[in-house]
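Spelled out, the chains give:
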Amino acid sequence: MRALKAYGRSPAALIGTAILLAVVVMGVGASWFYPDDPLGLAGRPLQWPGANPRFPLGTDPSGRDIAAQLFHGARVSLLIGFVATSIAVMIGIAIGALAGFYGGMTDTALMRVTEAFQTLPNFLLLLVLVAVFGSTIETVTIAIGLVSWPPVARLTRAEFLTLRTRDFVQACRVQGLSDLHLIVREVLPNALPPVIVYASVVMAVAILLESALAFLQLSDPNVPSWGNLIGLGRNVLRTEWYVSAIPGVAILLTILGVSLVGQGLNDALNPRLAASR
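- The name an unreviewed UniProt entry assigns to the protein is ABC transporter permease, from the organism Neoroseomonas marina.
- Taken directly from UniProt, the Sequence similarities (unreviewed entry) text for the protein runs: "Belongs to the binding-protein-dependent transport system permease family."
- The protein has a UniProt comment under Subcellular location (unreviewed entry) that states "Cell membrane".

Structure follows, in structure tokens:
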């Protein structure tokens, strides 16, 4: 309850929540606002925003409604961000928890695996995975999750290294509780707050990675994502710049909302900040 009140007192958190709620409403209500296929031809190509009442945000080079793609793209971006973040967090917590709790050879081996994944930049490794396994939206989402877990693992490991020697953990050891119980029931709940905060960063990066792939025409072309729409406007950027600018602003606002929510969560869950209030 105290954390919830602290979150509500953060202006950044409230602004970020409002932005994300607007994006969620767009995604959830996309089929209601625009029931037709967003990738279907709707009118004359490259109509500027406001030139035709039927298309308030104009049309793309193929004559498709930009507003329809924007609303349906919100659903795609949020789904990719949430699923990819969930995959990254689950893998990162599992590896970081084992490394931090047991230490020794287990820690060394798991951290070498983590460092091996961090040798290549995220986007370069993502390009390799997409080239090998294909560019369907499911494959892209899983691949983004698979390249995003190392920082989560390092953060979880650091928290476990700090918490495993605490008195409450030692007391549980004396009682003969199993390692699984100690990890899941005792240490992990206390290690989660910073991981939850960092998950907002992972989600923002996941949305950007998919958009970058789509811009390079390496994502699923059959999905109305914001990145695909930006890529469509690449060839007419000097004259009809709105085709790329409108989804670009949508991505910017979504990333801003996620970042502000993450800042609000940090203000609410950070024990040092809580102690100073």
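## Here we look at the overall build of the protein
Phase 1 of the analysis: In terms of regular secondary structure, the protein is built from 13 helices and 0 strands.
Phase 2 of the analysis: In sequence order, the protein lays out its α and β elements as α-α-α-α-α-α-α-α-α-α-α-α-α.
Phase 3 of the analysis: For the protein, the residues scored as buried account for 45% of the 277 residues in total.
Phase 4 of the analysis: Taking the intrachain contacts of the protein between residues at least 6 apart in sequence as the baseline, contacts between residues at least 24 apart amount to 71%.
Phase 5 of the analysis: Put simply, the protein has 18 plus and 15 minus side-chain charges, and the middle of one group is 8 Å from the middle of the other.

## Section: unusual backbone geometry
Phase 1 of the analysis: A positive phi is found at Leu46, a non-glycine position, where the angle reads about 55°.
Phase 2 of the analysis: Along the polypeptide, Leu46 turns up in the loop between helix H3 (30–33) and helix H4 (66–102).
Phase 3 of the analysis: Note on Leu46: relative accessible area 23%, which makes it partly exposed.
Phase 4 of the analysis: In the Ramachandran plot, Gln217 falls in the positive-phi region, its phi being about 65° despite a non-glycine side chain.

## Considering the confidence of the model for the protein
Phase 1 of the analysis: Here the protein averages 88 in pLDDT, and 96% of its residues register 70 or above.
Phase 2 of the analysis: Counting interchain partners and residues more than four positions distant, the pLDDT-below-50 stretch residues 272–276 has 2 contacts.

## With respect to the packing of H4 against helix H8 (residues 150–163)
The packing of two helices is summarised by the inter-axis angle and the distance between the axes.
Phase 1 of the analysis: At a closest axis distance of 7 Å, the pairing of H4 and H8 adopts a crossing angle of 35°. Two packed elements cross with a definite hand, and for H4 against H8 that hand is right-handed. Counted together, Ala88, Val89, Gly92, Ile93, Ile95, Gly96, Ala97, Ala99, Gly100 and Phe101 of H4 and Val152, Ala153, Thr156, Arg157, Phe160 and Leu161 of H8 form the full contact between these two elements.
Phase 2 of the analysis: For the contact of H4 with H8, the residue count by class is 11 nonpolar, 4 polar and 1 charged.

## Some details on the UniProt feature "domain: ABC transmembrane type-1" (unreviewed entry) in the protein
Phase 1 of the analysis: As annotated in UniProt, the feature "domain: ABC transmembrane type-1" (unreviewed entry) corresponds to residues 74–262 in the numbering used here.
Phase 2 of the analysis: For residues 74–262, the end-to-end C-alpha separation is 19 Å, with 81% helix and 0% strand making up the annotated structure.

## Focus on the packing of aromatic side chains
Phase 1 of the analysis: As enumerated under the stated definition, the model contains 7 aromatic pairs in all.
Phase 2 of the analysis: Residue placement shows Arg234 over the ring face of Phe215; its charged tip is 5.1 Å from the ring centre.

## Digging into the side chain of Ser148
Phase 1 of the analysis: Relative to the elements of secondary structure, Ser148 occurs in the loop between helix H7 (137–147) and H8.
Phase 2 of the analysis: When residues no more than four places from it in sequence are discounted, the contact partners of Ser148 are Ala88, Val202 and Leu209.

## Things to note about H7
Phase 1 of the analysis: Among the residues of H7, Ile137, Val140, Thr141, Ala143, Ile144, Gly145 and Val147 are the ones counted as buried.
Phase 2 of the analysis: Where H7 is buried, its residues touch H4, helix H6 (122–133), H8 and helix H10 (179–215).

## Digging into the environment of Val140
Phase 1 of the analysis: With respect to the helices and strands, Val140 occurs in helix H7.
Phase 2 of the analysis: Sequence separation of Val140 and Ala214 is 74 residues, and the distance between their C-alpha atoms is 10 Å.
Phase 3 of the analysis: Apart from residues no more than four positions distant in its own chain, Val140 is found in contact with Leu126, Val130, Ser135, Glu210, Leu213 and Ser219.

## As for a nonpolar patch on the surface
Phase 1 of the analysis: Taken together, the side chains of Val25, Trp32 and Phe33 define a hydrophobic patch exposed on the protein surface, amounting to about 390 Å² of accessible area.
Phase 2 of the analysis: Along the chain, Trp32 turns up in helix H3.
Phase 3 of the analysis: Here Trp32 falls in the exposed class, since its relative accessible area comes to 70%.

## Section: the nonpolar core
Proteins that are soluble and globular tend to have nonpolar side chains buried together.
Phase 1 of the analysis: Ile66, Leu70 and Trp226 are the most contacted members of the largest nonpolar core, which has 30 residues in total.
Phase 2 of the analysis: When contributions to this core are tallied by element, the ones reaching two or more residues are helix H1 (2–8), helix H2 (11–28), H4, H10, helix H11 (226–232) and helix H12 (242–269).
Phase 3 of the analysis: The dominant element in this core, judged by the number of residues it contributes, is H12, at 9 residues.
Phase 4 of the analysis: Not counting residues within four places of it along the chain, the set of residues in contact with Ile66 comprises Leu57, Gly58, Thr59, Asp60, Leu229, Tyr242, Val243 and Ile246.
Phase 5 of the analysis: In terms of nonpolar packing, the next biggest core, distinct from the first, is built from 21 residues, Val89, Val152, Ile183 and Ala191 among them.

## Let's talk about the pattern of salt bridges
Phase 1 of the analysis: Evaluated as defined, the whole model comprises 4 salt bridges.
Phase 2 of the analysis: Between Arg154 and Glu115 there is a salt bridge, with its nearest N and O atoms 3.3 Å apart. Placement of the pair is Arg154 in helix H8 and Glu115 in helix H5 (residues 104–118), with a sequence separation of 39 residues.
Phase 3 of the analysis: The partly exposed category is assigned to Arg154, whose relative accessible area is 33%.
Phase 4 of the analysis: Through salt bridges with shared partners, a single network forms among Arg112, Glu115 and Arg154.

Reading the values: rules and limits
- Residues numbered from 1 in each chain as written.
- Predicted model: local features only at pLDDT ≥ 70, side-chain atom pairs only at ≥ 80, totals over all residues.
- Heavy atoms only, no water.
- UniProt positions renumbered as here; feature names shortened; annotations may be inferred.
- Helix = DSSP H or I, 4+ residues; strand = E, 2+ residues; numbered from the N terminus.
- Buried < 20%, exposed > 50% of the residue type's maximum accessible area, 1.4 Å probe, protein only.
- Contact = heavy atoms within 4.5 Å.
- Lys, Arg positive; Asp, Glu negative; His and termini not counted.
- Charge placed at Lys NZ, Arg CZ, Asp CG, Glu CD.
- pLDDT = per-residue confidence, 0-100.
- Axes fitted to C-alpha atoms, helices over the stretch in contact; angles between N-to-C directions.
- Left-handed = near helix turned anticlockwise from the far one by under 90°.
- Nonpolar A, V, L, I, M, F, W, Y, C, P; charged D, E, K, R; others polar.
- Phe/Tyr/Trp six-rings, centres within 6.5 Å; stacked < 30°, edge-to-face > 60°.
- Lys NZ or Arg CZ within 6 Å of the ring centre and 35° of its normal.
- Patch = residues over 30% accessible without salt bridge, like charges linked within 9 Å, V, L, I, M, F, W, Y side chains within 5 Å.
- Areas by Shrake-Rupley, 256 points an atom, 1.4 Å probe, with all protein chains shown as cover.
- Salt bridge = Lys/Arg side-chain N within 4 Å of Asp/Glu carboxyl O.
- Core = buried A, V, L, I, M, F, W, Y, C linked by side-chain atoms within 4.5 Å.

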